[in-house]
Amino acid sequence: PGHSPKGTALKTMLRSEFVKSSTLKSSDEIENAKNNAVRALSNYMLYESGSKDNKLKKSMDRFNNETLSSSPNKENTPPTSKE
């Protein structure tokens, strides 16, 4: 287990994020990094479940389509600030 290309890519990404966060000193920054890691893994697990469960996949696709169609910026890029 864990030797697939996806598993290797996930481990590499996680390792790089932990190395990047190893210099954090503030407890708030550390807590924020932990929350981001939990959110990323939760999103990944939901995405993987959606690819295997047809009902969940349809629901996720519908949500994504509705979100993208209601977005004022259809290219899904952050709007530029005009100051």
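The preceding data block contains the structure.
Described below are features of the structure shown in this document.

1. Comments concerning the overall build of the protein
Reasoning step 1: Scanning the protein for helices and strands turns up three helices and zero strands.
Reasoning step 2: Looking at the 83 residues of the protein, the share that counts as buried comes to 5%.
Reasoning step 3: Of the accessible surface of the protein, which amounts to about 7,500 Å², a share of 59% is contributed by carbon and sulfur atoms.

2. Side note on the layout of surface pockets
Reasoning step 1: When its volume is computed, the largest pocket comes out at roughly 340 Å³.
Reasoning step 2: Around the largest pocket, the lining is made up of 13 residues, and of these Glu17, Ser21, Ala33, Lys34 and Ala37 lie nearest the centre.
Reasoning step 3: At the level of elements, α1 (5–21) and α2 (27–52) are the ones that each hand at least two residues to the lining of the largest pocket.
Reasoning step 4: Residues of the lining of the largest pocket, tallied by class, amount to eight nonpolar, two polar and three charged.

3. Remarks on the packing of α1 against α2
Reasoning step 1: Running from N to C, α1 and α2 cross one another at 170°; their axes reach a closest spacing of 11 Å. Between α1 and α2, the angle is such that the two are roughly antiparallel. Taking contact as the criterion, the partners of Lys6, Leu10, Leu14 and Ser21 in α1 are, on α2, Ala33, Leu41, Tyr44 and Glu48.
Reasoning step 2: In terms of residue class, the contact of α1 with α2 is built from five nonpolar, one polar and two charged.

4. Focus on the pattern of salt bridges
Reasoning step 1: On inspection of all chains with the given rule, the structure shows three salt bridges.
Reasoning step 2: Its salt-bridge partner being lysine 20, residue glutamate 17 comes within 3.1 Å of it at the nearest N-O pair. Of this pair, glutamate 17 and lysine 20 both sit in helix α1, three residues apart, which is roughly one turn of that helix.
Reasoning step 3: By relative accessible area, which is 37% here, glutamate 17 ends up partly exposed.
Reasoning step 4: Of the charged contacts in the structure, one is a salt bridge between aspartate 61 and lysine 57, with a shortest N-O distance of 3.4 Å. Placement of the pair is aspartate 61 and lysine 57 together in helix α3 (residues 54–70), with a separation of four residues, close to one helical turn.

Basis of the calculations
- Residues numbered from 1 in each chain as written.
- Predicted model: local features only at pLDDT ≥ 70, side-chain atom pairs only at ≥ 80, totals over all residues.
- Heavy atoms only, no water.
- Helix = DSSP H or I, 4+ residues; strand = E, 2+ residues; numbered from the N terminus.
- Buried < 20%, exposed > 50% of the residue type's maximum accessible area, 1.4 Å probe, protein only.
- Areas by Shrake-Rupley, 256 points an atom, 1.4 Å probe, with all protein chains shown as cover.
- 1 Å grid on protein atoms, 1.4 Å probe; cavity = no way out; pocket = protein on both sides within 12 Å on 5 of 7 lines; lining within 4 Å.
- Points joined across faces, edges and corners; volume = space filled by probe spheres on them.
- Nonpolar A, V, L, I, M, F, W, Y, C, P; charged D, E, K, R; others polar.
- Axes fitted to C-alpha atoms, helices over the stretch in contact; angles between N-to-C directions.
- Parallel < 35°, antiparallel > 145°, perpendicular 65-115°, else oblique.
- Contact = heavy atoms within 4.5 Å.
- Salt bridge = Lys/Arg side-chain N within 4 Å of Asp/Glu carboxyl O.

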